Amino acid sequence: SKNNHASGFDNVSNEMLKASLAIPEFSSAITELFNQVFCTGRIPRSWKKAHLILIVKECKASDPAEAVDYRPISLLSTLFKA
């Protein structure tokens, strides 16, 4: 299970999404939203935004002042990954 992963631009964690899906009103709204995405083929713009974080590469010759010594990580919306 990937419940411990960081949330994206929308700040919705996997735990929050799972807990919310137990609420009938929320799960029906999410179902309707996904049906619209599938029928229209249009992904909401907010789902395409991401938080970009940089992780320092672990190598002996790494210099934190050099951009090539960082690995970019994109944190996408939890709903977009669903």
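Starting from 1, residues in each chain are numbered consecutively following that chain's sequence as written. The predicted nature of this model means local features are confined to residues of pLDDT at least 70 and side-chain atom pairs, given and counted, to a pLDDT of 80 or more, with totals for whole chains, interfaces and linings taken over all residues. Side-chain calculation: all heavy atoms of the structure are included, whereas hydrogens and water are not.

Chemist: Help me out: how do you make sense of the environment of H51 in this one?
Modeler: Per the convention used, a helix needs a DSSP run of H or I reaching at least four residues, while a strand needs a run of E reaching at least two, with both numbered from the N terminus. Mapped onto the fold, H51 is located in strand β1 (residues 50-56). Spatially, the C-alpha atoms of H51 and S77 are 9.0 Å apart, while their sequence positions differ by 26 residues. Residues within four places of H51 in sequence aside, it is in contact with G8, F9, N11, I73, S74 and L75. Contact definition: two residues touch when any of their heavy atoms are within 4.5 Å.

Chemist: Looking at this structure, how should I read the packing of aromatic side chains?
Modeler: What characterises a pair of aromatic rings is the spacing of the ring centres plus the angle enclosed by the ring planes. Aromatic pairs are defined between Phe, Tyr and Trp rings, using the six-membered ring for Trp, whenever the two ring centres lie within 6.5 Å; interplanar angles under 30 degrees are classed as stacked, those over 60 as edge-to-face, and all others as tilted. For the structure shown, the criterion picks out 2 aromatic pairs. Centroid distance F34 to W47: 5.5 Å. Interplanar angle 45 degrees. Geometry classified as tilted. Placement of the pair is F34 in helix α2 (residues 24-40) and W47 in the loop between α2 and β1, with a sequence separation of 13 residues. W47 shares its class with F34; the two are buried. Connected via pairs of aromatic rings, a cluster forms that spans F34, F38 and W47. Relative accessible area decides the class of each residue, using a 1.4 Å probe on protein chains only: under 20% of the type maximum gives buried, over 50% gives exposed, and in between gives partly exposed.

Chemist: Can you walk me through the side chain of T78 in this structure?
Modeler: By secondary structure assignment, the location of T78 is in helix α3 (residues 78-81). Polar contact is defined as a pair of N or O atoms within 3.5 Å, subject to the rule that within protein one atom must be able to donate a hydrogen and the other to accept it, and that residues adjacent in sequence are counted only when both atoms are side-chain atoms. Here the side chain of T78 touches V12 through a polar contact of 2.4 Å, landing on its backbone oxygen. Setting aside residues up to four positions removed in sequence, T78 forms contacts with D10, V12, S13, N14 and L17.

Chemist: I keep staring at the packing of helix α1 (residues 14-21) against α2 and nothing clicks. Help me out?
Modeler: In a packed pair of helices, the relevant descriptors are the angle between the two axes and the axis-to-axis distance. Under this scheme, a helix contributes an axis fitted over its contacting stretch, all axes are lines through C-alpha atoms, and angles between N-to-C directions fall in the 0 to 180 degree range. Where α1 meets α2, the closest approach of the two axes is 7 Å, and the angle between their N-to-C directions is 110 degrees. The angle between α1 and α2 places the two elements in the roughly perpendicular class. Residues L17, S20 and L21 of α1 touch α2, and the partners they reach there are F26, S27 and I30. Under the grouping applied here, Gly and all other residues not named as nonpolar or charged are polar, the nonpolar ones being Ala, Val, Leu, Ile, Met, Phe, Trp, Tyr, Cys and Pro and the charged ones Asp, Glu, Lys and Arg. Here the contact of α1 with α2 is built from residues that sort into 4 nonpolar, 2 polar and no charged. Oblique is the label for any angle not covered by the other classes, which are roughly parallel (under 35 degrees), roughly antiparallel (over 145) and roughly perpendicular (65 to 115).

Function-wise, these values are silent; they only describe arrangement.
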